[in-house]
Amino acid sequence: MSPEAEAILKLLQGRCHQWGLAPTKDLIFSQELRQACVQNTCGRYGASWTCPPAVGSIDSLKERILAFPQGLVFTTMLELEDSFDFPGMQRAKEIHDAITAEVHDRFGERHPVFGAGSCTRCSPCAYPQSCRFPGQTYPSLEAAGIHVTELSVAAGVLYNNGPNTVTYFSMVLVP
């Protein structure tokens, strides 16, 4: 394992649920998933600096990812009261985003980070005006066309952690 990956894992120790290394050559980039972005399935297309079209083409993101031999994939997991516990899901996303932002702030200049869904630093996002936090944001895994279910297999981490749980994924590229 590279010293960079070890440093990232030290930061994540006790804060993430699982982690694994995924060879970038094994990642599948899906134009169909990216098309869900274009169809504005989540409502963030053209409304966020971390989503399409602002993050660039799937090909440019793929090229950026494949420039590194592996991605360190990490997850956070939170137990929910029930499968309709939307405040719990939001709280879990906020926790995950805070950890991912810290990884990005410490390592993102040399090791690109991809997060879980759209950036949540500002509400609403300033897009298409200038980003309020340039250099502090990162694209989503989905914007790169990466299915999290397939990423979980490549990294050897669980996608589903059982009933009444929510799991979020991020990836940082490492040598």
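Preceding this section is the structure that the text describes.
Residues numbered from 1 in each chain as written. Predicted model: local features only at pLDDT ≥ 70, side-chain atom pairs only at ≥ 80, totals over all residues. Heavy atoms only, no water.

**Describing the pattern of salt bridges**
We count it as follows: Salt bridge, as used here, is a side-chain nitrogen of Lys or Arg placed within 4 Å of a carboxyl oxygen of Asp or Glu. Exposed residues in this analysis have more than 50% of their type's maximum accessible area, buried residues have under 20%, and partly exposed residues fall in between, with area computed by a 1.4 Å probe over protein chains only. By the criteria applied, helices consist of DSSP H or I runs no shorter than four residues and strands consist of E runs no shorter than two, each listed in order from the N terminus.
Counting across every chain of the model gives 5 salt bridges. With a shortest N-O distance of 3.2 Å, K25 and D26 are connected by a salt bridge. Take K25: its relative accessible area is 67%, and that puts it in the exposed class. The exposure class assigned to D26 is partly exposed, which follows from its relative accessible area of 40%. Note that K93 is salt-bridged to D97, the shortest N-O span being 2.8 Å. Of the two residues, K93 and D97 both sit in helix α4 (residues 86-107), 4 residues apart, roughly one turn of that helix. No difference in accessibility class separates K93 from D97, as the two residues are buried.

**Some details on the pairing of strand β2 (residues 70-79)**
For clarity, the threshold we go by: The criterion for strand pairing is that DSSP finds at least two bridges linking the strands in question.
With 7 of 10 residues buried, β2 lies mostly within the body of the structure. Across 6 bridges, strand β1 (residues 18-23) lies against β2 in antiparallel orientation. In the strand pairing of β2, A22 is matched with G71. Pairing of β2 with strand β4 (residues 165-174), which is carried by 10 bridges, proceeds in the antiparallel orientation. Considered in β4, the bridge of L78 is made with V166.

**Observations concerning the side chain of T76**
For clarity, the cut-off: Counted as a polar contact is a pair of N or O atoms within 3.5 Å, where, for protein atoms, one must be capable of donating a hydrogen and the other of accepting one, and residues adjacent in sequence contribute only when both atoms are in side chains. Here a residue-residue contact requires only that any non-hydrogen atoms of the pair lie within 4.5 Å.
Tracing the backbone through its elements, the reader meets T76 in strand β2. The exposure class assigned to T76 is buried, which follows from its relative accessible area of 7%. A polar side-chain atom of T76 sits 2.8 Å from a polar atom in the side chain of H96. What T76 contacts, discounting residues up to four positions off in sequence, is R15, C16, H17, A92, H96, I99, V166, T167 and Y168.

**Points about the packing of aromatic side chains**
Where we set the bar: Ring pairs are drawn from Phe, Tyr and Trp, using the six-membered ring of Trp, whenever the two centres fall within 6.5 Å, and their geometry is named by plane angle: stacked under 30 degrees, edge-to-face over 60, tilted for the rest.
For the coordinates displayed, the defined rule picks out 2 aromatic pairs. Consider the rings of W49 and Y127, whose centres lie 4.8 Å apart with planes at 80°: the pair is edge-to-face. In this pair, W49 sits in the loop between α2 (31-38) and α3 (58-66) while Y127 sits in the loop between β3 (113-114) and α5 (148-155), placing the two residues 78 residues apart along the sequence.

**Focus: the pairing of β4**
Along β4, 9 of the 10 residues are buried, which leaves the element largely enclosed by surrounding structure. Alignment of β3 against β4, held across 2 bridges, turns out to be antiparallel. Following the sheet pairing, F114 is matched in β4 by M171.

**Observations concerning the environment of T41**
Positionally, T41 belongs in the loop between α2 and α3. Residues T41 and F114, spaced 73 residues apart in sequence, show a C-alpha to C-alpha distance of 19 Å.

**Remarks on empty space enclosed by the protein**
A probe as big as a water molecule, rolled over the atoms, marks out the empty space that is left. Heads up, the condition is: With a 1 Å grid spanning the protein atoms alone, the term cavity applies to any set of points in which a 1.4 Å probe fits but cannot get out, the term pocket to an open set with protein on both sides within 12 Å along at least five of seven lines, and the term lining residue to any residue with an atom within 4 Å of a point. Grid points are joined across faces, edges and corners, and a volume is the space filled by probe spheres set on the points. Classes in brief: Ala, Val, Leu, Ile, Met, Phe, Trp, Tyr, Cys and Pro nonpolar; Asp, Glu, Lys and Arg charged; the others, Gly included, polar.
Summed over all chains, the structure comprises 1 cavity of 30 Å³ or more. Around the largest cavity, the lining is made up of 14 residues, and of these C119, C122, C125, C131 and T137 lie nearest the centre. Across the lining of the largest cavity, the residue classes tally to 7 nonpolar, 4 polar and 3 charged.

That's the geometry; what it means functionally is another story.
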